[in-house]
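Chain by chain, the residues run as shown.
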Amino acid sequence: MMGTHMRKLLSILLVASLMFSLAACGGKDTAKTDDNGTVVVQGVGEGKHGDIKVEVSFADNKIKDIKVLEQKENEVLAEPVYTQLKQDVMNANSAEVDAISGSTVTSKGYLDAISDAIAKSGLTLAAAGASSNTDKNKEEAEQTYDVVVIGAGGAGFSAAIEAKKAGASVVLLEKMPTVGGNTLISGGEMNAPDNWVERALGITDDTADLFYEDTMKGGDNLGSPEMVRILADNALASAEWLRDEIKVEFLPDHLFQFGGHSRKRALIPVGHTGAELITKLKAKTDADQITIKTNMKADSLLTNDQGKVTGVTATSGSGDKITFHANKGVVIASGGFGSNIEMRKKYNPEMDEKYMSTDTPGSTGDGIVMAESLGAKLTNMENIQTYPICNPETGVISLVADSRFDGAILINQEGKRFVEELERRDVISKAILAQTGGYTYQLWNQGIADIGKTIEAHQDEYDQLVKQGLLYKADTLEEAAEFFKIDVNALKDTVMKVNEYAKTGKDLDFKHRAGLKSLEQGPYYIQKAVPSVHHTMGGLVIDEKTHVLNEKGEIIPGLYAAGEVTGVIHGANRLGGNAIADIFTFGRIAGQQVVAE
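What counts, and where the lines are drawn
- Residues numbered from 1 in each chain as written.
- Predicted model: local features only at pLDDT ≥ 70, side-chain atom pairs only at ≥ 80, totals over all residues.
- Heavy atoms only, no water.
- Helix = DSSP H or I, 4+ residues; strand = E, 2+ residues; numbered from the N terminus.
- Buried < 20%, exposed > 50% of the residue type's maximum accessible area, 1.4 Å probe, protein only.
- Contact = heavy atoms within 4.5 Å.
- Areas by Shrake-Rupley, 256 points an atom, 1.4 Å probe, with all protein chains shown as cover.
- Salt bridge = Lys/Arg side-chain N within 4 Å of Asp/Glu carboxyl O.
- Pairing = 2+ DSSP bridges.
- Axes fitted to C-alpha atoms, helices over the stretch in contact; angles between N-to-C directions.
- Phe/Tyr/Trp six-rings, centres within 6.5 Å; stacked < 30°, edge-to-face > 60°.
- Lys NZ or Arg CZ within 6 Å of the ring centre and 35° of its normal.
- pLDDT = per-residue confidence, 0-100.
- Parallel < 35°, antiparallel > 145°, perpendicular 65-115°, else oblique.
- Left-handed = near helix turned anticlockwise from the far one by under 90°.
- Nonpolar A, V, L, I, M, F, W, Y, C, P; charged D, E, K, R; others polar.

**Overview of the overall build of the protein chain**
So, point 1. In terms of regular secondary structure, the protein chain is built from 18 helices and 22 strands.
So, point 2. Expressed as lengths along the three principal axes of its C-alpha atoms, the size of the protein chain is roughly 100 × 70 × 45 Å.
So, point 3. For the protein chain, with 597 residues in total, the buried portion stands at 56%.
So, point 4. Summarising the internal contacts of the protein chain: among those between residues at least 6 apart in sequence, 71% fall at separations of at least 24.
So, point 5. Here the protein chain displays about 25,000 Å² of accessible surface, and carbon together with sulfur accounts for 51% of that area.

Now the structure itself:
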């Protein structure tokens, strides 16, 4: 029989255990009631970049307020989640509401955090009647501006800013709940020959001519020479405009040499993503009092009897049909069609469902289809690019893996290199798909990691990849090989060769154009990756002044286009860092021209 002393001891242990488990389940996060009878509870959900912690207030079995206490989400993509979605939850008195399109992971984490708080509260929430803010936000059915810009990515923002500077009234239409498009979720790196960082680093032999040659060659000479020339000659001015007028901050002491480039010329924004570009562009449009309408999908282009484009019909988020009249013209900056599987298959059957996409859900080719209905000429539509190093589970581009531009190597399941790591994206992607399983591993060490600091710049992505079992930090090559079941002897042989080539400066296997880096010292990072659809090179034919042309090569009056919606720049393959140079160079031209003519 158990003694009294033993029973007391067990009771103490049981209470301690219970207290520990309560603490583990939230402890201080459990429900509290203030003097007014309001119940306040904290809840946690997992967002795209870590935990989202909220504090939910309840009174009379209703959600009265939701405060975000902790979060690390993308500032631009999260904004409608913490405003619009918050309102939806409070109107419904429930976390069972639709996610914000384009911000689904953040939405899910936010809603999960609210659900967690509701569960902890122990309350049964009252069913809410239908409630809406639509009347308050009702749009005028007919609106008139000088210039209508379709698409609030980098091209659209720059067109709108330039048009406003030239004295026009401007409206920027964006079908998604957030601005930014693919520019926002990109690395944001921008090629500009003979830029200020090159000069600071002692790179004095880069020229617009070299950039032109690299870009033409990189696209198999299918880009329009006249248009590529404009890109090459104006990219530096575009970068200086971003730096000086838009106040974008670029790293002062580091550049990337993307595949296919003969020089290190890609400027890197602070934070290593397009968020730096978009937040500064948005601040500029706010300061310039440019009207931006999100959740506003452009449907069709309006023309007058002379065939001039005079406006846009659109549908608001609440389903209202709105007509935006344009006194001077319309700029299409709506991006490509990487997220439109049916459209991809129409022009290139190889690019079917087996490929995921790095693009935003809004990249569905709307602007191309709208302009085509007016007789606009399309070109290059079959050329669809994959980005070689993406998350095998989500298709999202890996920015941690930008260490490839600092010396990381690519190996296959057998532990062998199979392609030059700074080759063109299409070449590397095809080479990866030809390997066992259609995937690759990227391998680098701490020495390479310290060059570009891509792990620190993208810590949340790194943590996510580790959690998914797609990236592993190993002290030794043996450990790295064991984690992904790679032939350890083959891997050691590969690394031994790389170390030798790093010493001699000559890569005898694949002629690495920047020179390989030694992998003698650990620790090591090894990451699994697959190609994912990234950029559609095809689109509308434009001329040097960004007029959209018809099948006969004639200008469609009043219609301009810039960015990924166009098809004349990149040819068969876009070189890394060229999209950002493209969108700002031609976006600015479009904004200037639509007002000048």
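**Examining the pattern of salt bridges**
So, point 1. All told, the structure shown has 36 salt bridges when counted by the stated rule.
So, point 2. Arg263 is the partner of Asp205 in a salt bridge, and the nearest nitrogen-oxygen pair spans 3.1 Å. Taken as a pair, Asp205 in the loop between helix H6 (196-200) and helix H7 (208-218) and Arg263 in the loop between strand S8 (250-256) and strand S9 (266-269) lie far apart in primary sequence, 58 residues in all.
So, point 3. What makes Asp205 partly exposed here is its relative accessible area of 43%.

**What to know about the sheet that holds strand S2 (residues 39-47)**
So, point 1. What the 4 strands build is an open sheet, ordered S1-S2-S3-S4; its pairing is antiparallel. The strands lining the two open edges of the sheet, one partner per strand, are strand S1 (32-33) and strand S4 (62-70).
So, point 2. With 2 bridges connecting them, S1 and S2 associate as antiparallel partners. In the sheet register, Lys32 faces S2, and the bridge partner there is Val40.
So, point 3. Its contacts with the sheet put helix H2 (residues 75-92) on strand S3 (50-59) and S4, and the angle it makes with S4 is roughly 150 degrees.

**Here's the deal with the packing of aromatic side chains**
So, point 1. Applying the stated criterion across every chain yields a total of 13 aromatic pairs.
So, point 2. Between the aromatic rings of Tyr462 and Tyr525, the centroid separation amounts to 6.1 Å while the plane-to-plane angle is 75 degrees, which identifies the pairing as edge-to-face. In this pair, Tyr462 is assigned in helix H15 (residues 459-467) and Tyr525 in strand S19 (residues 524-536), connecting sequence segments 63 residues apart.
So, point 3. Taking relative accessible area as the criterion, Tyr462 reaches 12% and is therefore assigned buried.
So, point 4. Using a relative accessible area of 4% as the deciding quantity, one classes Tyr525 as buried.
So, point 5. Here the aromatic cluster, defined as three or more aromatic residues joined through ring pairs, consists of Tyr439, Tyr441, Tyr472, Phe483 and Phe484.
So, point 6. Sitting over the ring of Trp196, Arg243 keeps its end group 4.3 Å from the ring centre.

**Details of the pairing of S19**
So, point 1. Taken across its 13 residues, S19 has 12 buried, putting it largely inside the fold.
So, point 2. Sheet topology places strand S15 (residues 384-390) next to S19; 5 bridges connect them, and they run antiparallel. In the strand pairing of S19, Tyr387 is matched with Ser532.
So, point 3. In this sheet, S19 lies alongside strand S17 (residues 440-445) in antiparallel orientation, the contact comprising 6 bridges. Within the sheet, the bridge partner assigned to Asn445 lies in S19 and is Tyr524.

**Details of the sheet that holds S9**
In sheet architecture, strand pairing relies on hydrogen bonds along the backbone and comes in two forms, parallel and antiparallel.
So, point 1. The 3 strands lie next to each other as S7-S9-S8, forming an open sheet whose pairing is antiparallel. With partners counted over all chains shown, the strands left at the sheet margins are strand S7 (190-191) and S8, one partner each.

**Details of the confidence of the model for the protein chain**
So, point 1. This prediction gives the protein chain a mean pLDDT of 92; 93% of its residues lie at or above 70.
So, point 2. Taken as a whole, residues 4-29 scores under 50 in pLDDT and shows 10 contacts with residues more than four places along the chain or in a different chain.
So, point 3. Within the model, the stretch residues 130-135 combines pLDDT values under 50 with 4 contacts to residues more than four positions away or in other chains.

**Notes on the pairing of S4**
So, point 1. Bridge count for S3 against S4 is 7 bridges, and the pairing is antiparallel. Across the sheet, residue Phe58 finds its bridge partner in S4, namely Ile63.
So, point 2. Linking two consecutive strands that pair antiparallel, namely S3 and S4, is a turn of 2 residues; a positive phi of about 55 degrees is found at Asp60 within it.

**Here's the deal with the packing of H2 against helix H3 (residues 104-121)**
So, point 1. In contact at an axis separation of 10 Å, H2 and H3 are set at 45 degrees when each is read in the N-to-C sense. The angle between the axes of H2 and H3 places the two elements in the oblique class. Crossing hand, H2 versus H3: right-handed. Here H2 contributes Ala78, Val81, Tyr82, Leu85, Lys86 and Val89 to the contact with H3, which in turn contributes Thr106, Ser107, Tyr110, Leu111 and Ile114.
So, point 2. Class assignment for the residues of the contact of H2 with H3 results in 8 nonpolar, 2 polar and 1 charged.

**Let's talk about unusual backbone geometry**
So, point 1. The omega angle of the peptide bond from Gly522 to Pro523 is -5 degrees, so this bond is cis rather than trans.
So, point 2. The phi dihedral of Asn221 is positive, around 60 degrees, even though this residue is not glycine.
So, point 3. If you trace the backbone, Asn221 turns up in the loop between H7 and helix H8 (225-244).
So, point 4. For Asn221, a relative accessible area of 54% translates into the label exposed.
So, point 5. Look at Lys453: it is not a glycine, yet its phi comes out positive at around 50 degrees.

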